[in-house]
Each structure stands twice: as C-alpha cells, then as structure tokens.
Amino acid sequence: MRYQQWRLLLLRTYHRSHPSPCSQVTSISTRYFSSFLQLRSGIGALQQIEQLGSLRSPVTSSGSFGISVGRSFSSEPAVEEKSSAQTIVIDIFSRLNGEDEIRKELESSDVVISQDLALKVLRKLESNPDVAKRFFQWSKEASPEELSSKNYNMMLRILGGNGLVDEFWGLVDVMKKKGHGLSANVRDKVGEKFQKDGLESDLVRLRKLFASDCLDSSAENVCDRVCKIVMKEEWGDDVEKRVIDLNVEFKSDLVKMIVESLDVEPRKALLFFRWIDESGLSKHDEITYNAMARVLGKEKFLDRFQNIVVEMRSAGYEVEIETYVRVSTRFCQTKLIKEAVDLFEIAMAGSSSSNKLTPHCFCLLLKKIVTAKILDMDLFSRAVKVYTRNGNALTDSLLKSVLKSLKSVDRVEQSNELLKEMKRGGYVPSGDMQSMIASSLSRKGKKDEADEFVDFMEASGKNLDDKAMASLVEGYCDSGDLDEALVCFEKMVGNAGASYADYAFEKLVLAYCNKNQVRDAYKLLSAQVQKNQLKPRHSTYKILVTNLLTKKIARDGGFEEALSLLPIMKDHGFPPFIDPFMSYFSTTGKSTEALGFLKAMTSKNFPSMSVVLRVFETMMKSARHSEAQDLLSLCPNYIRNNPDVLELFNTMKPNESAVEKPLAASA
C-alpha cells in the first residue's frame, strides 16, 4: 500500500506538470517523505531530517519534467568546465608518467577523477592507446571506487580497435572476473577490426564471448532492456509486469547500473528505485542508495535528495566518496555552496575508511566558499570545524591554496578572517606562510589589515619572523608607501635587532632610489649603520653608490656621499665598488674629485698603482686629456715619475687616443 501511495503521488505530480512545457515542476513534499521515513526507519530518520534540515527545497523553474538525453541539469558554464577537465586530464597523462607527479598536477588543477569523467577521457583517447592505457591503469590503482562496466568496455574498444589483441583479451579476463559483460558496441567495433586484419580465430572467440554474455544475461544487457521498458512508457502495472517477466535477479550492482542509466529521467529512476524494493525484487544497500543519491543530487531535486540521504543514513549506510564528489561538484557549479557544506558535514560523519573524504576534497570546498559571490564565514567555519573534529590537521599547503583563490577574487583583506577560523582548528601559519600573507596585504596597501595580522601573530604567541617582516617592508615598498615601509623596518630592527635586516634594508634603499630619494637613502644607511650597527649587503652599497653618482645627484653632493661610503664598505669587509666612479670620471668628474677618490681608496696616501692607471686611462679614452693632466699635476712625485704613467701619457696622445668624438670636460 505504501508503494501505491507514493507512486500515485509521483504520477499525479507529473501529470500536473506534463501538459504544458511551460508549467512548473512540483516536487514531492518533504513532509510526505518525512512521514514515509517515520514508518520506515523510526526515530533515527527524524534525527537525520534535523541534520539535513538546512538543505533548502528547490525553486522550480519553467520547463517540462522530461529532459533530453545527454543534457545536464547544471548551467551552460558547468558544461564548459567539464569539457575543460577532460582537456586538463588528457594533457597531464600525455606529459607525465610518475604517480606522484600526476597526483600533484591533478590536485593543483582542481580535478577529481570520477567514473563519468574517466569515461569521457577514454572516449577522447580512442585513437591514442598509449595515453589511454596509462590513464586507465592509474585510475584502477588510484580511484577510490572501482571503474564501471562502461569504463572497461571503452578501454576494450580502444585496445581492440587499435590492434592490441593480447592486451584486449587480457582485459577481457579481468573484466569477466569483476562480473562485467561485453557490450554490443565493443563486439561490433572490435569485430570489424579483427575481420579487417584477418584474425579469424579471434573473431570467432569474440562472437562466442558475446553470445555467452547474452545467454548469461549480463548486467549490461539486462540494464539496457529494463531502461528501454521504463523509458518507453508511463510507469504503471504494465511496466512493472514487463520488468518482472524478464525473470532476472536484481543484485545491487544491477540496480545501481539501471538507476544511473535513468539519470536523464530522475523521476522514473526514483519510481524504479522505490518499486524494486517494495516489490521484494531487491533490498537496497549502500551501493544502490548512493546511486540514487547521485541521480537526485541536483538543484531541481534537492528535497528528494534530502530524503534519500536521510533514509540511507538511518539504515546505517554512508555517503560514498564518489557520491560526495559528484554531487558536491554540481552544487558548487550551481552556486549552492550552503548545500555543498551540508553534504560535506554528512559525508564527514561516516566512519568507513573507504569513504573518508580526502584533504583535496576539503580544500576544493574551502576554495568554492571563499570565491562565492559573498564570503560566508559561517560556512567556512562549519567546514573547518567538521574537518578538524575528525582528527584532521590544517596545513600550510591548504592555506596557500585557499589564499590563492581568495586573491583571485580580490579579497586579500579578508585573509585575517580565515586565519582566525583556522586558528580555532589548531592552526598557526609557518614562517613561509607569514611571509606570503604579509606580502599580499602590504602590496595591496592594506595597512589596517596588515597591522591586524601582526597583532594576530603576536596574540598567537608567535611573533612575525624576520622573513615575514622583510616581506611586509618589501610589500609596502612595492606599493609606494615608503613611510609605512620605514615604520615596519624600524619595528623589525627594534624587535629582533639589525642582524637579519639586511634583505629588508636593501629593498628599502632600492625603493627610495626608485622614488628619486637617493640622498634620503644615504642618510638612512648612515643612521642605521651608526645607530643600530646595521651591516648592509655589498649589493646594497652598489645600488646606492651607482645612484649617488648619477650626473644631477653627484653635482648636488652625491659624489661626496658616494665617496664616504668607500671606507664604510671596507670596514664591513667588502672590496670597494669603483665601476660607477670610472663612469663618472669618463664624463663629468673633475681632477680634484678624482684625487679625492684616489685618496679614499686606501688608508695610505695613495692606492695601488693599478687603480691610478685605470683612472688616467679612463679619462684619456674619453678624450679628457686636460683633466688627466690636471690630476697628474696634483699627484705626488712618485706617481708623476712612474714609468707606467709616463708610458700611458706618451702612447695616448690627444690625436690618437680618442676612438670616438671627444667629449668636452664639464666646467
């Protein structure tokens, strides 16, 4: 009687919506299914109703209940995304061989291999057997659920169609052991290839195999016949009788196959699912319940999906990972983020290791939450709580991936909100993650959020480390906020000293130079060296000296400041950086400045003769002979009478030395 009641209700609902293609689809009421569940499962079902209460009923849209074969319930962009997933998978398996490499590439591309996706990929690889074999073998070993009969038949089609006879028969043996039969499509396609290649014995063997499958009523053949009966006519006593007359044993795998094949008509799939159990032809288990859940897990059938999951959980069965991945993907594609989190909570409640959700599943869900139109921190918090409550740890790689998604929708300023929720789950970012967050916030000029992040780390008992502080300084420099960069640098030196501040200081000096504040950079270096015993990098000195010796700045006192850096460099153990000075003397520098440079190069009166010769040669090569003569006249006697100096002046006379047009010395 119960079966007759819900069958009539389903049919009545269908007839109300069926006459006009523009009429609305009316769902089975949740209240009626709740009553049904009370009769079937008792109080446990009611508890599950409470757990799933937040799954909203669907808002029906215009259109008939009949949906054309091959058409998705999701929006058009979702179809494009699936197609993109196929392309990504094919590219990965075409390039890579290692299992770890492939797994990492799939995770970084946000791709999860489902049975449906596997079938579509194999179809695309029909003319590329090597890649198809690699993909199929990897899927068998790595997939959380065994490949379906359709997957095996598609692989047989590839092997046989490409003349790989031995591998074809080897896979047939494996397939038969798993209880799968040979499809007519494979028989015809491979049979043509065998006949064309003159493989008569293999052709006979293939025909015998298919005939045997037909006599044994393979699952594929039975599924095909049942689906034709159910799809052809309106459900009624005649349909039920014709299915019964098939005289077939409806095992779980067969029921699953039929339900999944009726995916294009979820209403009829549900009618069959209910009838097969009520009629006593089959008893539902975890396999069949999950198959039905996957068919109903769409926006238009949320209430029915809710009831099936409640009923399944009350019967002691769990949501399989294949069900979670497929349905959650649909929910996220249709912007049903709350429903995806509800499903995640239920799936995480399972105890079976085979159905345990992976960290990758959790990461994908968080990424969908943070990239939604509005970031719902309550959903983020719920997902984190249920994940960590099961003993799972939050990691740097997880946060890095989520922050990357957050940045993609220009929400970097909300990083602190995510960190607070993850802290409740026992997570505190490592030094590398601190640097990443500090850099992201300061580069965007988010001063308040950056300050909040620093406070957050201090409150966590883990002050921002040196690299993170340097990233903060660098970020402000890149954003052009030198005042805030200097404040952060001074705070960094004040907290940890100047020992590890050289990298951040170089970024600060470079930013000052890029802002045409070179002399301010010089003053900052002098003050930090004197006050905090800062030891800048050799490269920092090079940057500053080069910029101080640019023509305009050098004339305004930059030359003297650059010259004063030489002894400091020497004190810090660095060799003098003289190339910018040579460039300066070749165009602008006066003889008195050159003399000052030579004196600054050593603690004695003059440096090595090689430096003296290089200065003279630089001036004369640039046709600045008068400046060179003036410099020579200022030098002590042992320089003026040095044979090498005299030889240089003798060989580089004005009419011989200038390779290019002489440059006039500056006044």
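Residues numbered from 1 in each chain as written. Predicted model: local features only at pLDDT ≥ 70, side-chain atom pairs only at ≥ 80, totals over all residues. Heavy atoms only, no water.

In the annotation of an unreviewed UniProt entry, the entry for the chain reads Pentatricopeptide repeat-containing protein, and the organism field reads Arabidopsis arenosa.

1. A word on the overall build of the chain
Applied cut-off: Each helix corresponds to a stretch of at least 4 residues labelled H or I by DSSP, and each strand to a stretch of at least 2 residues labelled E; elements are numbered beginning at the N terminus. Relative accessibility decides the category of a residue: with a 1.4 Å probe and only protein chains considered, values under 20% of the type maximum give buried, values over 50% give exposed, and everything between is partly exposed. Note on contacts: a residue pair is in contact if any heavy atoms of the two residues lie within 4.5 Å. Computed with the Shrake-Rupley method and a 1.4 Å probe, the accessible areas treat only the protein chains shown as cover for residues.
Helix and strand content of the chain: 38 helices and 0 strands. Put simply, the chain has 667 residues, and 51% of those count as buried. Once local pairs closer than 6 in sequence are excluded, the contacts in the chain between residues at least 24 apart make up 70%. When the accessible surface of the chain is split by element, carbon and sulfur atoms take 49% of a total near 31,700 Å².

2. Notes on the packing of helix 8 (residues 149-161) against helix 10 (residues 184-196)
Relative placement of two packed helices is described by the angle separating their axes and the distance separating the axes. How we decide: Comment: axis = line fitted to C-alpha atoms, over the contacting stretch for helices; angle = value between 0 and 180 degrees taken between N-to-C directions. Put simply, angles under 35 degrees are roughly parallel, angles over 145 are roughly antiparallel, angles from 65 to 115 are roughly perpendicular, and the rest are oblique. Under the grouping applied here, Gly and all other residues not named as nonpolar or charged are polar, the nonpolar ones being Ala, Val, Leu, Ile, Met, Phe, Trp, Tyr, Cys and Pro and the charged ones Asp, Glu, Lys and Arg.
In contact at an axis separation of 9 Å, helix 8 and helix 10 are set at 10° when each is read in the N-to-C sense. When the axes of helix 8 and helix 10 are compared, the pair comes out roughly parallel. Here Asn153, Leu156, Arg157, Gly160 and Gly161 of helix 8 come into contact with helix 10, specifically with Asn185, Val186, Lys189, Val190 and Lys193. Class assignment for the residues of the contact of helix 8 with helix 10 results in 3 nonpolar, 4 polar and 3 charged.

3. A few points about the confidence of the model for the chain
Condition: pLDDT is a residue-level measure of predictor confidence that goes from 0 to 100.
When pLDDT is averaged along the chain, the result is 82, and 83% of the positions lie at 70 or above. Below a pLDDT of 50 lies the segment residues 12-83, which in the model reaches 126 contacts outside its immediate sequence neighbourhood of four places, other chains included. Below pLDDT 50 for its whole length, residues 656-667 participates in 18 contacts with residues either more than four positions away or in separate chains.

4. Things to note about the side chain of Gln434
Put simply, the rule is: Two N or O atoms form a polar contact when they lie within 3.5 Å of each other; inside protein one atom must be a possible hydrogen donor and the other a possible acceptor, and for residues adjacent in sequence the pair counts only when both atoms belong to side chains.
Looking at where Gln434 falls in the secondary structure, it is placed in helix 24 (residues 431-443). Using a relative accessible area of 1% as the deciding quantity, one classes Gln434 as buried. At 3.2 Å, the side chain of Gln434 forms a polar contact with the backbone nitrogen of Asp465. Excluding anything up to four places from it in sequence, Gln434 contacts Pro429, Phe453, Met457, Lys462, Asn463, Leu464, Asp465 and Ala468.

5. Focus on the UniProt feature "repeat: PPR" (unreviewed entry) in the chain
Stated formally: UniProt positions are given in the numbering used here, feature names are shortened, and annotations may be inferred rather than shown by experiment.
The UniProt record annotates "repeat: PPR" (unreviewed entry) at residues 285-319 and 465-495. Along residues 285-319, the helical share is 69% and the strand share 0%, with 11 Å between the first and last C-alpha atoms. The distance from the first to the last C-alpha atom of residues 465-495 is 10 Å, and the span holds 90% helix and 0% strand.

6. Some remarks on the environment of Val487
If you trace the backbone, Val487 turns up in helix 27 (residues 482-496). Considered as a pair, Val487 and Val473 are 14 residues apart in the sequence and their alpha carbons are 8.6 Å apart.

7. Quick notes on the nonpolar core
For the record, the criterion: To form a nonpolar core, buried Ala, Val, Leu, Ile, Met, Phe, Trp, Tyr and Cys residues must be joined to one another through side-chain atoms within 4.5 Å.
Counting 161 residues, the largest nonpolar core has Phe272, Phe581, Phe597 and Phe616 as the members making the most contacts within it. If you tally residues by element for this core, the top one is helix 19 (residues 337-348), at 8 residues. Discounting chain neighbours no more than four positions away, the residues touching Phe581 are Val545, Leu549, Phe559, Ala562, Leu563, Leu566 and Phe597. With 42 residues, the next largest nonpolar core counts Ile90, Val131, Ile158 and Val165 among its residues.

8. Comments concerning the packing of helix 23 (residues 415-424) against helix 25 (residues 447-459)
Defined as follows: A crossing counts as left-handed when the near helix is turned anticlockwise from the far one by less than a right angle, and as right-handed when that turn is clockwise.
Interaxial distance between helix 23 and helix 25 falls to 10 Å at its minimum, and their mutual angle equals 15°. The orientation of helix 23 relative to helix 25 falls into the category roughly parallel. Crossing geometry of helix 23 relative to helix 25 is assigned as left-handed. Seen from helix 23, the contacting residues are Asn416, Leu419, Lys420 and Lys423; seen from helix 25, they are Glu449, Glu452, Phe453, Phe456 and Ala459. Broken down by class, the residue content of the contact of helix 23 with helix 25 amounts to 4 nonpolar, 1 polar and 4 charged.

9. Quick notes on the pattern of salt bridges
Going by this rule: Any carboxyl oxygen of Asp or Glu within 4 Å of a side-chain nitrogen of Lys or Arg constitutes a salt bridge here.
By the definition in use, this model includes 35 salt bridges. For Asp245, the salt bridge goes to Lys241, with nearest N and O atoms at 2.9 Å. Of the two residues, Asp245 and Lys241 both sit in helix 13 (residues 237-245), 4 residues apart, roughly one turn of that helix. Side by side, Asp245 and Lys241 carry an identical accessibility label, which is exposed. Salt-bridge contacts for Glu260 lead to Arg294; the nearest nitrogen and oxygen are separated by 2.8 Å. Separated by 34 residues along the polypeptide, Glu260 in helix 14 (residues 252-261) and Arg294 in helix 16 (residues 286-296) bring together distant segments of the chain. Bridged by salt links that share partners, the residues Lys338, Asp342, Glu345 and Arg382 form one connected network.

10. Quick word on helix 16
Within helix 16, 9 of the 11 residues are buried, which leaves the element mostly enclosed by the surrounding structure. Turning to helix 16, its buried residues are Thr288, Tyr289, Asn290, Ala291, Met292, Ala293, Arg294, Val295 and Leu296. Capping of helix 16 at its N-terminal end is provided by Asp285; its side-chain oxygen lies 3.1 Å from the backbone amide nitrogen of Ile287.

11. Let's talk about helix 18 (residues 321-333)
Rules: Given the number of residues in a helix, its expected span is that number minus one, multiplied by 1.5 Å.
If you check helix 18, its first and last C-alpha atoms are 18 Å apart, about what 13 residues at 1.5 Å a residue would give, namely 18 Å. For helix 18, the set of buried residues is Ile321, Glu322, Thr323, Tyr324, Val325, Arg326, Val327, Ser328, Arg330, Phe331, Cys332 and Gln333. Immediately downstream of helix 18, the backbone of Lys335 shows phi near 65°, a positive value.

12. Section: the state of the cysteines
Quick note on the threshold: Sulfur atoms of two cysteines make up a disulfide when they are within 2.5 Å.
For the structure shown, the criterion picks out 0 disulfides. Residue Cys477 stays outside any disulfide, its sulfur separated by 9.3 Å from that of Cys488, the closest cysteine. Judged by relative accessible area, Cys477 falls into the buried class, the value being 10%.

13. Thoughts on the environment of Glu192
Within the secondary structure layout, Glu192 lies in helix 10. Once the C-alpha coordinates of Glu192 and Gly161 are considered, the two residues, 31 residues apart in sequence, prove to be 8.4 Å apart.

14. Focus: the packing of aromatic side chains
Under the convention used in this document: Within 6.5 Å between ring centres, the rings of Phe, Tyr and Trp (the latter by its six-membered ring) count as paired, and their orientation is classed by plane angle as stacked under 30 degrees, edge-to-face over 60, tilted in between.
Across all of its chains, the model carries 24 aromatic pairs by this definition. Ring geometry for Phe93 versus Trp138: centroids 5.5 Å apart, planes at 75°, classification edge-to-face. Here Phe93, found in helix 4 (residues 76-95), pairs with Trp138, found in helix 7 (residues 129-142); they are 45 residues apart in sequence, far enough to count as distant. There is no split in this pair, since Phe93 and Trp138 are both buried. Judged by centre distance (5.8 Å) and plane angle (20°), the ring pair of Phe344 and Phe362 falls under stacked.

15. Description of unusual backbone geometry
One non-glycine residue, Asp110, adopts positive backbone phi at about 60°. Following the sequence through the fold, Asp110 ends up in the loop between helix 5 (99-108) and helix 6 (115-124). Phi is positive for Lys335, which is not a glycine, with a value near 65°. Tracing the backbone through its elements, the reader meets Lys335 in the loop between helix 18 and helix 19.

16. Quick word on the environment of Asp197
Within the element layout of this structure, Asp197 appears in the loop between helix 10 and helix 11 (200-215). For Asp197, a relative accessible area of 38% translates into the label partly exposed. Asp197 sits 34 residues away from Gly163 along the chain, and the two C-alpha atoms are 8.3 Å apart.

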